[in-house]
Structure formats: C-alpha cells, structure tokens
Amino acid sequence: MSVMEVRGLRALVCLLVVVACVGAFAPVVPATADTGTQTVLRQVQADDGETDTNGPVQLEDADRIHIDVAIAENGSAQVTTDYQFYPDTNGSMAAWESLEGNITNNTAWYVAKERRGWNETLTKGENTTDREMNISNVSITTERDTQPEEIGHAKVTFQWSEFAHVELNRIEAGAALSGFTLSNETTLQFRWPEEYAIYETEGEPQVAPAPDERSDRSVKWEGETSFPDDQPRVVLIKNGDSAT
C-alpha cells in the first residue's frame, strides 16, 4: 500500500469517528401532545387490548343528539344534551363501551370540554341579548337502555341563568341561541311550565321557525337547521292572561 493510500485510509477513519461522536451526543426531541388528549388516548383500547389506531370515539360521534331546554318561570333554563350511541352494523356496542369507560375515568376532562363549548355559545347569546348570563353545575353521566332497543346515553346537564327574557306574565326565549346550527340527526327542544302557553297574535303562534313538532308544553326542531340571527324564538304567556 502506498503512502498516499495509508494517509487516505487514516483520514476516512477519523471522519467516521467524528460523525459517530456527534450522533451519540445529539439531543433527542420528544414528540409532544396535549396532556388531556394523551390521557384519553391511553384509555381507549381495542378489543384485543391494543390501542385503537382509529382514534377514540368522542361525544360528537353520536348517532343522535337531543338538546332539551327546560325553561323556568324566572328565565333560567336547565339544558340537557343527550348523546345517543347505537350498535354498529355488526350489532356491537364496543365503541360506546370504550367512550363510557373514558367518561368514567376522565369525567373532569369531558366536563371541562363541554363547558368550554357551551360558554362559546353563551358569549354569543350575551352579545345578542345584552344580558349577563352564566353556565353552572355542569355534569356528565352515562346510562344504557336495553329495551326496546339498545342505546348508550352520555348526558351533559347544566344550568343557564338569564336564558330567557321575562317581563311580567310573558317569557320570550331563544335569543340566547340566535344563529345556532343543528346538524343532521340532532334535535332541539324547548319546554316550559304548565302555566304557560305559546302566545298568539291574530291567531298566529309566536314561534319561529315553524317547529317540526309542537305540543301544549314544548316545541321541537329536527335535522340540519341553521337558525338566522333572530331565531329560534318562542313567546310564552301565562295561561288566562293577555300580553302586556
């Protein structure tokens, strides 16, 4: 081997040693994610005990969502959102069972998430009505029906102060949800005390838009609906009284 070849070999060996040393001391950058998200993801397991690579089932993945607004005489309301989950095409409730377990183990996380979402809606309602409102006593519970059909329920309940405007014997409700959007398979229902009825002007009931269902104590809108800025709207009057 010539002198030039020996020198070249030595240079190559030195270069490799330097590269190896740099690689050994290079910092490792860990992947980061939201702590709450990591917690929920760890809780979701596939049937065989391995993590579900399709991601966790969330409340918004429900097959049906029913929002019930029970309006009190003082203008406050109790709001209950019922997220309903049905068996999949194979008759399995595995997705619901996974979510139910997540809610049980991470109740505070789900409560905080729902509170944030509804507070955004509340802020829009305050701007529309110029009334100061508040959401309190947020909770989430789960239950399961087996008859007449199997349904998993995740119910979020809270109190909404100043939801409706009250003036003497009259209640006007809905402005707090002006511009609210219902997605497919979603229903919104307003209910009120039995002492009240929908007020009529020249025979026209003061409820807009026209509800899909109506009874003496409730109205309901179903399916994809984008309410305009002044709707939904329901005007109630105490039975036997006239509007003032």
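Criteria and cut-off values
- In every chain, residue numbers begin from 1 and rise along the written sequence.
- It should be noted that, the model being predicted, local features are given only for residues of pLDDT at least 70 and side-chain atom pairs only at 80 or more, the latter also being counted only at that level, while totals for whole chains, interfaces and linings use all residues.
- Based on all heavy atoms of the structure, the side-chain values leave hydrogens and waters out of the count.
- Working definition: helices are DSSP H or I runs of at least four residues, strands are E runs of at least two. Numbering for both runs from the N terminus.
- Buried, partly exposed and exposed residues are distinguished by accessible area as a fraction of the type maximum, computed with a 1.4 Å probe on protein chains only: under 20%, between the cut-offs, and over 50%, respectively.
- Think of it this way: Lys and Arg go in the positive column, Asp and Glu in the negative one, and His and the chain ends go nowhere.
- Counted as salt bridges are all cases of a side-chain nitrogen of Lys or Arg within 4 Å of a carboxyl oxygen of Asp or Glu.
- For the purposes of these results, a polar contact is taken to be a pair of N or O atoms within 3.5 Å, where, inside protein, one atom must be able to donate a hydrogen and its partner to accept one; residues adjacent in sequence count only when each atom of the pair is a side-chain atom.
- Any two residues whose heavy atoms approach within 4.5 Å are treated as being in contact.
- Note on aromatic pairs: the rings of Phe, Tyr and Trp (six-membered ring only in Trp) are paired at centre separations within 6.5 Å, and the planes decide the class, stacked below 30 degrees, edge-to-face beyond 60, tilted for the rest.
- If DSSP finds at least two bridges between two strands, the strands pair.
- To get an axis, a line is fitted to the C-alpha atoms, and for a helix only the part in contact is used. The angle between two axes follows their N-to-C directions and goes from 0 to 180 degrees.

Participant: Quick rundown of the side chain of R131? Include the residues and the values.
Facilitator: Tracing the backbone through its elements, the reader meets R131 in the loop between α4 (107–129) and β3 (134–145). Despite being buried, R131 has no salt bridge partner; E162 is the closest side chain of opposite charge, sitting 4.4 Å away. Within the structure, the side chain of R131 is placed 3.1 Å from the backbone oxygen of E162, a separation counted as a polar contact. The contact partners of R131, leaving out residues within four places of it in the chain, are E126, E162, F163, A164 and H165.

Participant: I'd like a rundown of the environment of S161, residues and numbers included.
Facilitator: For S161, the location among the structural elements is in strand β4 (residues 151–161). Spatially, the C-alpha atoms of S161 and R131 are 9.8 Å apart, while their sequence positions differ by 30 residues. Residues in contact with S161, not counting those within four places in the same chain, are S76, M133 and N134.

Participant: Can you explain the packing of aromatic side chains? Please cite residues and give values.
Facilitator: Scanning all chains against the criterion turns up 10 aromatic pairs. Relative to F158, the ring of W118 has its centre 5.3 Å away and its plane inclined at 55 degrees; by these criteria the two rings are tilted. Taken together, the residues W118 in helix α4 and F158 in strand β4 connect sequence positions 40 residues apart. The same class applies to W118 as to F158, namely buried.

Participant: Quick one: what's the story with the environment of T141, residue by residue and with numbers?
Facilitator: Relative to the assigned elements, T141 resides in strand β3. Separated by 38 residues in the primary sequence, T141 and I103 have C-alpha atoms spaced 8.1 Å apart. Excluding anything up to four places from it in sequence, T141 contacts H153, A154 and K155.

Participant: Which residues make up the pairing of strand β1 (residues 64–71), and what are the values?
Facilitator: Taken across its eight residues, β1 has six buried, putting it largely inside the fold. The pairing of β1 with strand β2 (residues 77–85) spans eight bridges and is antiparallel. Paired with I71 across the two strands is A77, which belongs to β2. Following β1, the chain reverses through five residues before pairing antiparallel with β2; G75 in that reversal takes a positive phi of roughly 95 degrees. Examined bridge by bridge, β1 and strand β8 (residues 186–191) share six bridges and lie parallel to one another. Counterpart to V69 in the pairing with β8 is F190.

Participant: Kindly report on the sheet that holds β3, identifying the contributing residues and their values.
Facilitator: Reading across from one edge, β3-β4-β2-β1-β8-β14-β13 is the order of the seven strands in this open sheet, with mixed pairing throughout. Two strands close off the open sheet at either side, each with one partner strand: β3 and β13 (213–215). Along the sheet, successive strands turn relative to each other by an average axial angle of 15 degrees, direction set aside. When β2 meets β4, the two strands line up antiparallel, connected through nine bridges. Within the sheet, the bridge partner assigned to T80 lies in β4 and is T157. Against the sheet, helix α3 (residues 94–105) touches β2, β3 and β4, its axis set at about 140 degrees to β3.

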